Each structure stands twice: as C-alpha cells, then as structure tokens.
Amino acid sequence: MAQDWRIVTLFIGSILVLGAIIGGPLVYAIMLSFYSAKSFVGELQWVGLANYAKAIQDPLFWQSFANGLMIALSAIFLQVVLGVGIALVLNRRFFGQSVVRAVSILPYFLPTVVACLIAQWILDPNYGLLKSLLASFGIGIADWSSQAFTARGTIVLVSVWLWTPFVVTCVLAGLQTIPTQLYEAARVDGAGPWRQFWHITLPGLRSVLVVVILLRGIWMFNKFDLIWLLTKGGPLNQTETLPTLAYRKSFLEFNLGGGAAVATISFLILAGVMLIYLRLFPIDDTKQER
Amino acid sequence: MARISLQHVSKSFGGEQGPWAVKDFCLEIEDGELIVFVGPSGCGKSTTLRMIAGLDEATSGAIVIGGRNVTGLPPKDRNVAMVFQNYALYPQKTVYDNMAFGLHVRGEDKQEIDRRVRAAAASLDLEALLDRKPRQLSGGQMQRVALGRALVRDPDVFLLDEPLSNLDAKLRVKMREEIATLHARLRATMIFVTHDQVEAMTLGDRIVIMRDGVIQQAGKPLELYDTPANTFVAGFIGSPEMNLIDGQLIDEGGRMAVRSGDLTISIPERTFTTNEGTVTLGIRPEHLVIADGSPFEMTVSLVEQIGAQTYLMGMIAGHRMRAVFDRRDGIRSGDKVPIAFPKERLHLFASASGATLRMSEADVKEYS
C-alpha cells in the first residue's frame, strides 16, 4: 500500500507540474481571447466573442491561414520525399556509410536562428554568396524577399534543409525493421526495384511515415521562429501565417485579445485536422481493417 | 518440372581466395525428385539453395535448370519458387494477394490468377483464410500460405529453406506429411533444406549430407544409413548416434579384428579393405544385441525408457557406448548386460580421413 501511495503522489505531482506549465498558459490564452487587453498588466475588458468575429472577418486571417497551409504542405512534401530518398540511399551498404549517416543528421542540430542567418548570408541580394557566385557567370539575382513566391520558397527550402534529417533518421530506423527475406521473396516472385519499393518498403514504413507526417505537420503549421527570422511575414503579408499573425497582433499592435483569438482558432484548426488525420491513418494499422 | 544440374558450383563470400561457403558442389537432380540438403548450421546447404534460386551468385561453376544454364540469371528468370524459414509473407497483403503477387508481377490475366489462387487455396485448405492478413494466422497456416504462394507459380523447381524449423514439434510432423503428400501429387522437382535428420530421412528421395561446404555423401536415405561414406555421415544419420571406437586393425590367427584396449572385435571377411592400420570401428546402438554368453558386458550407467524402446548408456571394456533395444523393463543402472556385436552390422573407417573402408560391390567380386 505504501508503494501505491508513492506512485499516486508522483503521478499527481507530475500532473500538477504539467498543468502549471502547459495547461495554465493555454487556459490563460484562451481566456484572454474573450477580453480586450492592451498589455498583460493593464485592465481586461470582457468583449465575449468579438475578438473571434473580428478575426474571421479579417481577410488577412484567411490569407495567413492559406499561407501557412501552403508553406506547411510543400515543406512536409519535400521533407518526406527527400527524407525517404536519402534514407534509402543511406540504407545501402557503401564505404564510409556510418560517417555519412552521422553527418547527414547534422543540420538538425543547428539552432534555427543560425540556419536563418546562414540562409540570409547566402541569399542576400547585395552581398550574398549566391549573388557573387552567379555574378561570376554574369547572371544577376533578384531580391528573393521582395516576391511572394521566392520568399515562401526560401522558407520552405530552409525548413527542408533543417528538418529533412529528422525524416531521414526516422525512416532509416523504419527501414531496419523490414525483414530482408521479404525482398528476397519478392525477387523470386519476379518483382523489380520499383515494385519492391511499392509493395514492401512503403507499406513497411507506413507507421513511421504516419507519425513523421503528423509531427512535421504540427511543427510546420505552428512554425514561428523560422518565418519571423527570414521574412517577418513579408513581403506584404505574403508569408504571414497564423502564428506570426497572432504575434503581430499581440506584441506589435498591442491587441492581446485579438492575438489570443487567432492563436486559439489556429489551435482548434490544427487539433481538428490531426483528429481527422489519425482517424484516416491510424498509427497502428491493425485498427484500420477491422 | 525440370532436371537440375549443379556443376562444380562454389561460393566464397571473400572473393577467389575463400573461405569457401560451398566448394565444388556437383549433383544431378532428376525431374520430379525431392532432394534434401542436410547438415549442421554453416555447412553451406542454405547457400547452395540460394545459389539455385539466384539470391546468391555462384563464385564459380554452372547451374543448369531444365537444360537452361541459369548461372548468371536473376531469380525472376529462373522460374523457381522458394519457401522461407520465417515464411516471408508480405505483412500488409491478404492471403489471397500474397499468393497472387507473383502471378500479378508476371502480368498474368486476372481470371487466370483467380483460378490458380483458388485452386492452390483449395488444395492447401486455405479457402476460409483468403481475406486474412498474415498476422491473423497461426504458424502452420502461414507456412501453408507460403507453400501456396510457391504452388500457384507452377515453377520448374520448388526450393524450401528450412520451412518447418519455426513450427512446434507436433505441427512439424503434420506439415512434413503435407509436403510429402504434395510432392507425391505434383511430382515436382523439390529441394528441401533442413538440419533435422529425421525430416531428411522421411522426406527425401535422396539426401545430400554437407559439412563445411563440401558434400559428404549423396544417396537414398537407407543407403546413407546402411553404408555411410565416412564417420561424419555415420554420426549424423541415425539417433542415437553410432558408437565409434578408435583402434588398431590386427591379424588374429588369419582373421582380421579391431583391437582397442581390452576390446577385440573380429570383423567380417571380404567386406572392408584391410591395409589401414589405425581404424575407427562403428556400430549403431540399435544393432547391438543382448546375447547370454557373449564375452562383452555393458556396465549400465543410464537407462532411458522411451516407451517402445529402452535406451542404455554404459561402458563396455572401457568404452562408453549407447545401446537401443525393444522395451526391456528389468534393466537397472549398475546392471551388467551381456552384449554382442553382430559382424554384418559393423562399419569400419580409416581413422585419419574418416572415410569408410567398406569395399564396393565390384571390389568384393574381384576379391572373391
């Protein structure tokens, strides 16, 4: 019995700590969204659902939502396709395999701010590496941050550079779990490399990919630091997403309630999408068939 | 269905210098024959099978299936089907799709695929399981699906790599019977790899015993039992193992005998070549007989009652030996049992090489 009490105490303790550091701010943010507030210390004024009404009537909100969706989807697509491809290559036996595998995870260790600074150094239209490289071939370079497509493209490319290694690592681990005899059976059955990939590798990676896409989806849709460091949502809100919009409203426009409303809607959208996703693609695929 | 000819096939995983996993493997397998490769782990039996399948490339030699040299061809162009030890069923596919996959890949017509899958399923009693996934099957069912997957392909050769090793003892006997029945019905060329000598003896039309990549002996099961080519085969086939006694060949007043310590056993005439000095005498435990008045006595140290038989272990003139008799209830540990060595049941091997000293029938004729 004494031991049971110890377990219960530890359990309750951890629930309290988690509640304080995650639940508390969450509840506070949701609460803020029903008030008008200019700062965290000022007086709060109850406005009901007005912040929400304002948010969804604002075209910028929907544009940010669309931007975020576009950036997240294209980044996840590239990360997964490249990640699977690189993992397949790294899974083959070659000289120096373990060294290359270790090096390939390195970008994942870079702090986002460092990666963004490097990207800006390379891409800067006035003094960037790329500019001088292209100039030596007599090619000029436009300012990537001044056009919607190139600005979004830069965000996607930097995110691919930073987080593809995460996908590679997960997929490599997944590949190890596929029995080699399945490939041998397929070879005897007459399946070529493409059919082996389609009928054995991909189904074998299913659970890994479901989790990887889920995690990368959440992280990319909620991405703030990368976008803020690279473009601050510009040019002309073309790379504004719901997290940057919430930040802008809260801390630059001193509209804490409005920012909280945007953040809350964003949270609800993400939660809804993830629930549907997990219903469609259960992590444990035994549930799918029965 | 096809004949298979393995001509000086060798395999080394370390290039031309070796070490050799399979060395100079020569064998002709007849059309419709069920041949068993047997031997301890690492003897090269699976490697040989994989070379026939095309999963491993032969370092040298030629593999001919149905008159076609397939040595350099990929597995898909050899028209072989393989059953793996851990079944290797595609986990995300249903039983039906597992069986249909090989035909589908080869671009067979849908109706034809359906006809063949259902026919194979019917013959293996799998009809009720066609919609299941492998993880919903028992070990025996998975093994039948793996067999079915091979069956639908209608291959020239069936290759079975330790297919029964993952099953429990009871199921193994049942599946062994099913494979034997299947072979009797199809009369297909089959190569069956196992480390289990009982499986080898019961299933094989012929058995190939391998050790360290080299064929030790190939022949019908009872040939291997009756006239083992060397001490390795003598020890491998038969359970409990053959008793082997190292000794000297001596001339005992015109009759040849083997002497080892206090034990002198005369050997039959015109059966063995007798120009070796140091020899190994062999006799199977089940060939020893209890004979009152015999000069040899076994001091029994262990009695095992199997039911129909009684296993004895003990010492005969300083040599540890095993004996098997039809059930005897009276024998206790510590008893002395008079034992005789029937001459016609003796085996003689050269100690140095382990090779049998038994003369071939032609030699015997010439000698007499």
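Cut-offs and rules
- Residues numbered from 1 in each chain as written.
- Chains lettered and ligands numbered in written order.
- Predicted model: local features only at pLDDT ≥ 70, side-chain atom pairs only at ≥ 80, totals over all residues.
- Heavy atoms only, no water.
- UniProt positions renumbered as here; feature names shortened; annotations may be inferred.
- Buried < 20%, exposed > 50% of the residue type's maximum accessible area, 1.4 Å probe, protein only.
- Helix = DSSP H or I, 4+ residues; strand = E, 2+ residues; numbered from the N terminus.
- Pairing = 2+ DSSP bridges.
- Domains from an automatic or database assignment.
- Contact = heavy atoms within 4.5 Å.
- Buried area = accessible area lost by both parts, 1.4 Å probe.
- Salt bridge = Lys/Arg side-chain N within 4 Å of Asp/Glu carboxyl O.
- Phe/Tyr/Trp six-rings, centres within 6.5 Å; stacked < 30°, edge-to-face > 60°.
- Lys NZ or Arg CZ within 6 Å of the ring centre and 35° of its normal.

- By the naming in an unreviewed UniProt entry, chain B is Multiple sugar transport system ATP-binding protein, taken from Paracoccus halophilus.

- The name that an unreviewed UniProt entry assigns to chain A is ABC transporter permease, with the source organism given as Paracoccus halophilus.
- One UniProt comment on chain A, placed under Subcellular location (unreviewed entry), says "Cell membrane".
- Regarding chain A, the UniProt comment filed under Sequence similarities (unreviewed entry) reads as follows: "Belongs to the binding-protein-dependent transport system permease family."

A closer look at the pairing of strand β17 (residues 309–316) of chain B
The two faces of a sheet get side chains in turn, since along a regular strand they alternate between them.
Residue and element names in this part refer to chain B.
Part 1 of the argument: Counting buried positions along β17 gives six out of eight residues, so the element sits mostly inside the fold.
Part 2 of the argument: In this structure, strand β16 (residues 296–305) lies alongside β17, joined through seven bridges in antiparallel fashion. If you follow T299 over to β17, its bridge partner there is M315.
Part 3 of the argument: Turn length for the β16-β17 hairpin, with the two strands adjacent in sequence and antiparallel, is three residues, and the turn residue G307 shows positive phi of about 125 degrees.
Part 4 of the argument: For β17 and strand β18 (residues 319–326), the ladder comprises eight bridges, and the chain directions are antiparallel. For G314, the partnering residue across the bridge sits in β18 and is M321.
Part 5 of the argument: Taking the residues between adjacent antiparallel strands as the criterion, β17 and β18 are bridged by two residues, where A317 takes a positive phi near 45 degrees.

Remarks on the domain arrangement of chain B
Residue and element names in this part refer to chain B.
Part 1 of the argument: Here the domain parsing of chain B yields domain 1 (4–232) and domain 2 (242–367).
Part 2 of the argument: Put simply, the middle of domain 1 and the middle of domain 2, counted by C-alpha atoms, are 38 Å apart.
Part 3 of the argument: Taken together, the contact between domain 1 and domain 2 spans eight residues of the former and twelve residues of the latter.
Part 4 of the argument: Buried area between domain 1 and domain 2, summed over both chains or domains, comes out near 710 Å², and the portion from carbon and sulfur atoms is 59%.
Part 5 of the argument: Broken down residue by residue, the surface that domain 1 buries against domain 2 is led by Y225, P228 and T231, which jointly contribute 67%.
Part 6 of the argument: For the interface between domain 1 and domain 2, the tally reads zero salt bridges.
Part 7 of the argument: Counting residues per element, the side of domain 1 that touches domain 2 draws most heavily on helix α7 (residues 221–226), at three residues.

Digging into the packing of aromatic side chains
Part 1 of the argument: Going through the model one piece at a time under the given rule, you end up with 19 aromatic pairs over all chains.
Part 2 of the argument: When the centroid spacing of 5.4 Å and the interplanar angle of 65 degrees are considered together, the rings of F166(A) and W219(A) count as edge-to-face. Remark: W219(A) occurs in helix α9 (residues 193–221) and F166(A) occurs in helix α7 (residues 148–176); sequence separation between them is 53 residues.
Part 3 of the argument: Taking 5.7 Å as the distance between ring centres and 25 degrees as the angle between the ring planes, the aromatic pair formed by F232(B) and F236(B) counts as stacked. Remark: F236(B) and F232(B) occur in helix α8 (residues 231–236); sequence separation between them is four residues, near one turn of the helix.
Part 4 of the argument: Taken together, the ring pairs connect F34(A), Y35(A), W46(A) and Y52(A) into an aromatic cluster.
Part 5 of the argument: A cation over a ring is seen here: R149(B) above Y90(B), with NZ or CZ 4.9 Å from the ring centre.
Part 6 of the argument: Sitting above the plane of the Y225(B) ring, R284(B) keeps its charged end 4.2 Å from the centroid.

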